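Observations on chain architecture
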Amino acid sequence: MTEYPYILFNKSPELMRQLGACGGRASARNQRARRALVATPPEAVPPPALPQQTTAEAIHLLDAQFPWLQGAERKRSRNRVWVPAPATCADQN
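All values derive from a computational prediction rather than experimental measurement.

The next subject is the overall build of the protein. Along the protein, the regular secondary structure elements total 4 helices and 0 strands. Starting at the N terminus, the α and β elements of the protein follow one another as α-α-α-α.

Printed below as a string of structure tokens:
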């Protein structure tokens, strides 16, 4: 392939450079004009924070609802001996 593709476009390299630069400026100008016409959407307002249940409250609620699963969230010891979970606040009430 030749050094300059002016054979394909029947234009000199300098003329092709000028046309390319003009096209870049024109497309940038058109893009800025299109952006100016588009209305900016209103800023999104985050929904109000609802009071949520804490992890400890959820554990106590599940322990009260399913007493046979009390202490299931605790890790087991490395030795294979079963260690009962210590009493929770729900047991003391």
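Okay, the pattern of salt bridges next. Under the criterion given, the structure shown has 1 salt bridge. The partner of Glu14 in a salt bridge is Arg17, with the nearest N and O atoms 3.2 Å apart. Within this pair, Glu14 and its partner Arg17 are both found in helix H2 (residues 13-37), separated by 3 residues, close to a single helical turn. Owing to a relative accessible area of 43%, Glu14 belongs among the partly exposed residues under this scheme.

On the surface, Leu62, Phe66, Trp68 and Leu69 cluster together into a nonpolar patch covering about 440 Å² of accessible area. Locating Leu62 in the fold gives a position in helix H3 (residues 55-65).

Attention now moves to the packing of aromatic side chains. One pass over the structure, following the stated rule, counts 1 aromatic pair. Ring geometry for Phe66 and Trp68: centres 5.5 Å apart, planes at 75°, overall edge-to-face. A relative accessible area of 65% places Trp68 in the exposed class.

What counts, and where the lines are drawn
Residues numbered from 1 in each chain as written. Predicted model: local features only at pLDDT ≥ 70, side-chain atom pairs only at ≥ 80, totals over all residues. Heavy atoms only, no water. Helix = DSSP H or I, 4+ residues; strand = E, 2+ residues; numbered from the N terminus. Salt bridge = Lys/Arg side-chain N within 4 Å of Asp/Glu carboxyl O. Buried < 20%, exposed > 50% of the residue type's maximum accessible area, 1.4 Å probe, protein only. Patch = residues over 30% accessible without salt bridge, like charges linked within 9 Å, V, L, I, M, F, W, Y side chains within 5 Å. Areas by Shrake-Rupley, 256 points an atom, 1.4 Å probe, with all protein chains shown as cover. Phe/Tyr/Trp six-rings, centres within 6.5 Å; stacked < 30°, edge-to-face > 60°.

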